[in-house]
Amino acid sequence: QVQVVESGGGLVRAGGSLTLSCAASVRIFGLYNVGWFRQAPGKEREFIGRISWTGGTFDYAGAVKGRFTISRDTTKDMVYLHMNTLALEDTALYFCALQRPILTGLSPLSFEYWGQGTQVTVSS
């Protein structure tokens, strides 16, 4: 059973920054695309961004483009979501998910393995 774990969530003031981390019980790089999603109470799970299995391609949702970036550490086999200029509407449970490279869609349905999420709360 593949396990995915997110960490780094917390409480941050509006305008602040936070970095989330994603690790898995299997090798990530070279095997999976890694996506970040979030879900606010009462809302559907929303795509934020994705890094390809090669690490060479990035996709970002319009709502976070220019504020959020994804990076990776190949030595640690981890993926990070760097969030800047956080706003109240960024408050959500943030998820990391693994997607087989053959799949290219951005829908949550195309991602196979999910973490439990890490809560990000932005305060005014």
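Residues numbered from 1 in each chain as written. Predicted model: local features only at pLDDT ≥ 70, side-chain atom pairs only at ≥ 80, totals over all residues. Heavy atoms only, no water.

A. Structural view of unusual backbone geometry. We note that Asp77 has phi near 55 degrees; this positive angle belongs to a residue other than glycine. Residue position: Asp77 is located in the loop between strand E7 (68-73) and strand E8 (78-83). Its relative accessible area of 18% is what places Asp77 among the buried residues. Not every positive phi belongs to a glycine, and Thr85 is a case in point at roughly 45 degrees. Of note, Thr85 is situated in the loop between E8 and strand E9 (92-99). Residue class for Thr85 comes out partly exposed when judged on its relative accessible area of 48%. (Helix = DSSP H or I, 4+ residues; strand = E, 2+ residues; numbered from the N terminus. Buried < 20%, exposed > 50% of the residue type's maximum accessible area, 1.4 Å probe, protein only.)

B. Here's a closer look at the pairing of strand E1 (residues 4-7). Because side chains alternate across E1, one face comprises the buried residues Val4 and Glu6, and the other comprises Val5 and Ser7, none of which is buried. Bridge count for E1 against strand E3 (residues 18-24) is four bridges, and the pairing is antiparallel. Bridging across to E3, Ser7 finds its partner in Ser21. (Pairing = 2+ DSSP bridges.)

C. Structural context of the pattern of salt bridges. The tally for this structure, following the rule as stated, stands at five salt bridges. The shortest N-O distance in the salt bridge between Asp59 and Arg50 comes to 2.9 Å. Between Arg67 and Asp90 there is a salt bridge, and its shortest N-O distance comes to 2.8 Å. Linking Arg67 in the loop between strand E6 (58-60) and E7 with Asp90 in the loop between E8 and E9, this pair joins segments that are 23 residues apart in sequence. Residue classification places Arg67 among the buried residues on the basis of a relative accessible area of 18%. Among the residues examined, Asp90 registers a relative accessible area of 0% and is labelled buried. The network of salt bridges with shared partners includes Arg38, Glu46, Arg67 and Asp90. (Salt bridge = Lys/Arg side-chain N within 4 Å of Asp/Glu carboxyl O.)

D. How the structure looks around the state of the cysteines. Evaluation of the coordinates by the stated rule reveals one disulfide. For Cys22, the disulfide goes to Cys96, at an S-S distance of 1.8 Å. Because the sign of the S-S torsion sets the handedness, a value of about -70 degrees for the bond joining Cys22 and Cys96 places this disulfide among the left-handed ones. Highlighted residues: Cys22 in strand E3 and Cys96 in strand E9, separated in sequence by 74 residues. Here the two residues Cys22 and Cys96 agree in accessibility, since each one is buried. (Disulfide = S-S within 2.5 Å.)

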